[in-house]
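This is what each chain is made of:
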2 protein chains.
Amino acid sequence: LAKTSEFGFIAQIQEQFSSTPDFVALGIGDDAAALRPSRGTYSLLTTDTLIAGTHFSLAYSTFEQVGEKVVAVNLSDIAAMGGRPRAFLIALGVSQEMQLSDLSQLYRGIKKASRSANLTLIGGNTTRSDGPFFITLTLFGEVAKKQMLTRSGACVGDAIYVTGTVGDAAAGLDCLKQSRVRKGSTHLIRRHQMPQARTAAGARIAEAKVASAMIDVSDGLSADLGHLIMQSGVGAALELSQLPLSPALKRYAKQTQQAALDFALYGGEDYELLFSVPKRKEKKLVQLRQEGFIQATRIGTIVPKKEGMCGRDINGRIHKITPRGYDHFMNKPSA
Amino acid sequence: LAKTSEFGFIAQIQEQFSSTPDFVALGIGDDAAALRPSRGTYSLLTTDTLIAGTHFSLAYSTFEQVGEKVVAVNLSDIAAMGGRPRAFLIALGVSQEMQLSDLSQLYRGIKKASRSANLTLIGGNTTRSDGPFFITLTLFGEVAKKQMLTRSGACVGDAIYVTGTVGDAAAGLDCLKQSRVRKGSTHLIRRHQMPQARTAAGARIAEAKVASAMIDVSDGLSADLGHLIMQSGVGAALELSQLPLSPALKRYAKQTQQAALDFALYGGEDYELLFSVPKRKEKKLVQLRQEGFIQATRIGTIVPKKEGMCGRDINGRIHKITPRGYDHFMNKPSA
C-alpha cells in the first residue's frame, strides 16, 4: 500500500461515488461538504466506529462485509429516530498489513450498502495507522420535525414491539468463535457479518406516528430497552415467550445447550428497532404489519418505573431482568 | 481504565458538555443528534482524525493539547468554507495504556477549544482499541448560501493572500524531533502543539465577499495552493520574498542551517487560510485588514493554468514549484 499515494487512492474512490443528488450542494473534494437541508426537518447526525479486534475479526469477516456492516450500524441509528439517511463521511485508519485490494473490497461493501440506502459519500479522511484497521462513519439524515422519535416518549400502558428477530447475530458470533459445526447456522453467521438496518421500517413507523419512543437494538435487547425506559422514566414487563426467535437460533441454542433467551436478551448487534406503541395506535400498527410494511412482534408492556424491568416466562413466573449489554471498556458484558 | 464503565464515563462527559443552544433539538444521549438547520444556509460537514504515532507523538504533546488540536484541525476546514462552526461528534479509540486521567485531560482540551468556538458536543462513540489512541471529530457548521467559498473560484489576475504566518508548526515539530535547543522556539512548538483555526477571519472574509476561492493550509502552502489552482483550473505565481515568516521561524532556520522557505512551502499544519481576491475586491480587503478583522498578506497572483505554480525570489529569479505536502500512506512528503 505504501507505494500508492493517499491522494491518488482518494481520487479513485471519489470517482466511484460520484453521484451528487440535489441536496448535495458540494460533495467530496473540498474542505467540507455542503448540504441543502430540507424544509421542516431536523438534521440528524450519528457516528459509529468499527475497530479490528474489538468489533470484528478479520478471521470471521471479509473487508467487504466490514464495509457493509459499518454502513448498517450507522443506518440503524438514523432508522431509530424515524429518519431518512442522506449522506455520510468516512474516516479510515489503514493498518500496515492492508493491501490495496483490501481497501477496494472494503469500499465495495460500503458502496453496496450505501447504494441500497440511497446514500451519498460526501467526505472522508484516510490515514495510515500503526495499529489495527478502523473505520468511523458519520451519517447525516433528516426527519420531518413532527415525526422524530426519541428514546424518551414511552408511557405506562404502551405496548412494546420489536422488529425482526433478536439474538441471531450474537449466536452467529458465538458459532464462529467456538468453531462449532456451522451447518444450519449460516443465517446466524450472516446476521453477525452483514446486519441489515431497518431503514424502511423506521421511516414508516415515524410517518404513521404509531410509536411513542424508539431505539435500535445494538447493545442487546435488555440493554437497549433499559436505555429506553430510563430515558422515558418508566419500567417494562416482557413476555419472554413472545420474544421473536428465529428457527436457526432455537436450533443452535439446543445443539449447543445454551439458552436462546440469553442470546436474545443480552446478545447485541441485532440492529432491529425496539419501540413503544400507545394503545390507541396499536390498530394502525397491526394494519401496517398486515400490509407488509413492518414486521414486528409485541413483546411486552410499559409499566410504572418502580417495577423496573421484568419478564414473565411461559409458566407465568416473573423474573427480574438486569439490563446488560456489551461494554467495550470492560471487554465483557456490562451492567 | 478497564475498571470504569464506558457508559459511566460517557455519562460524565455528557454532563460536562450539557449546554444545548437553540439550534440543537436533541443533544447527546439518543440514537442520533437532531439539529435545526438555519434558513438560507448550507449545512457543512467535515471529518478529521488524529492518530497517535501518525499525526502526533505523546512525547511531544499532552492529551490536552491533542484535544485542542483535533478541534482546531476541523474548525479550520469550516473556516475555509467561510462557515460558522456549530456542533461536533467525537469517535474515540482508547488504547490499553490510557488512564482515566488521560481521557479527562483530552476532554479538557476539547472543551477549551470547543468553548471558545461556541461549539456543542452532540454525539460520540468511545471504544477500546488494541492499537494506538485515535480521535475522529466530525464537525457540523453552517454558511449563508451566497457566502460559501470553495476551492474552485479563483480567476487569472486575482491576488493570492494568506492569513498569519506559514512554516511555524513544521519548524516546531522539527525542533521537537531533533531535540534541538528549544530556547526561542517556544512559539514554533506551540504552533505545532496547539494550532489555532482562523474561524473569525474565515467567516469575515465570506461575509465581506472579498474572496473568489479559499482553502486552509493543512498539508503545506504549496500542496494546498496546488489543490486550489487545480480545482480552479488556473496557475499561481508566488512572490517568495513576500511569504509571511515569523521572526521565530527565521531565527530557527538560521540556527539550524535550514531554509525557512522550505518550512513555509512544504511544512504543513499551519491552519492558516489561503484565498484568492479579485482585483476589484482588494480595496475592501485592505480595509478589513486595517480595521483589524483579518491579518493577511498578499503573496502572489493567479496566472493562466499553463504557467503552473512558480515563485519569484528576491533577486527576480523564477523557480518552478512542485506542490508537495505530507502523504500519510507514503509517510513522507508527497507529490
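Please read all numbers here as calculations on a predicted model, not as lab measurements.

Rules used throughout
Residues numbered from 1 in each chain as written. Chains lettered and ligands numbered in written order. Predicted model: local features only at pLDDT ≥ 70, side-chain atom pairs only at ≥ 80, totals over all residues. Heavy atoms only, no water. Buried < 20%, exposed > 50% of the residue type's maximum accessible area, 1.4 Å probe, protein only. Helix = DSSP H or I, 4+ residues; strand = E, 2+ residues; numbered from the N terminus. Pairing = 2+ DSSP bridges. Patch = residues over 30% accessible without salt bridge, like charges linked within 9 Å, V, L, I, M, F, W, Y side chains within 5 Å. Areas by Shrake-Rupley, 256 points an atom, 1.4 Å probe, with all protein chains shown as cover. Salt bridge = Lys/Arg side-chain N within 4 Å of Asp/Glu carboxyl O. Lys, Arg positive; Asp, Glu negative; His and termini not counted. Charge placed at Lys NZ, Arg CZ, Asp CG, Glu CD. Expected span 1.5 Å × (residues − 1). Arc of directions from axis to C-beta.

Here we come to the pairing of strand β10 (residues 272-277) of chain A. Residue and element names in this part refer to chain A. Taking burial as the measure, the six residues of β10 include six buried ones, the bulk of the element. With burial as the criterion, each face of β10 is covered, one bearing Glu272, Leu274 and Ser276 and the other bearing Leu273, Phe275 and Val277. Where strand β7 (residues 159-163) lies against β10, four bridges are found, and the strand directions are antiparallel. The residue bridging Ile160 from the neighbouring strand is Ser276, located in β10. Pairing between strand β8 (residues 213-217) and β10: five bridges, direction antiparallel. Across the sheet, the residue bridging to Val217 is Glu272, located in β10.

Moving on, we get to a positive patch on the surface. On the surface, a cluster of positive charge is contributed by A:Arg36, A:Arg39, A:Lys145, B:Arg36, B:Arg39 and B:Lys145. Position of B:Arg36 among the secondary structure elements: in the loop between β2 (33-35) and β3 (41-51). Take B:Arg36: its relative accessible area is 34%, and that puts it in the partly exposed class.

All right, on to helix α3 (residues 100-116) of chain B then. Residue and element names in this part refer to chain B. When the terminal C-alpha atoms of α3 are compared, their 24 Å separation across 17 residues agrees well with the 24 Å that a helix rising 1.5 Å per residue should span. Among the residues of α3, those classed as buried are Asp102, Leu103, Leu106, Tyr107, Gly109, Ile110, Ala113 and Ser114. Down the axis of α3, the buried set is contained in an arc of 155°. They therefore lie on one face. Turned more than 90 degrees away from the buried face of α3 sit Arg115 and Ser116, all of them exposed. In the segment just after α3, Asn118 is the residue with positive phi, at about 65°.

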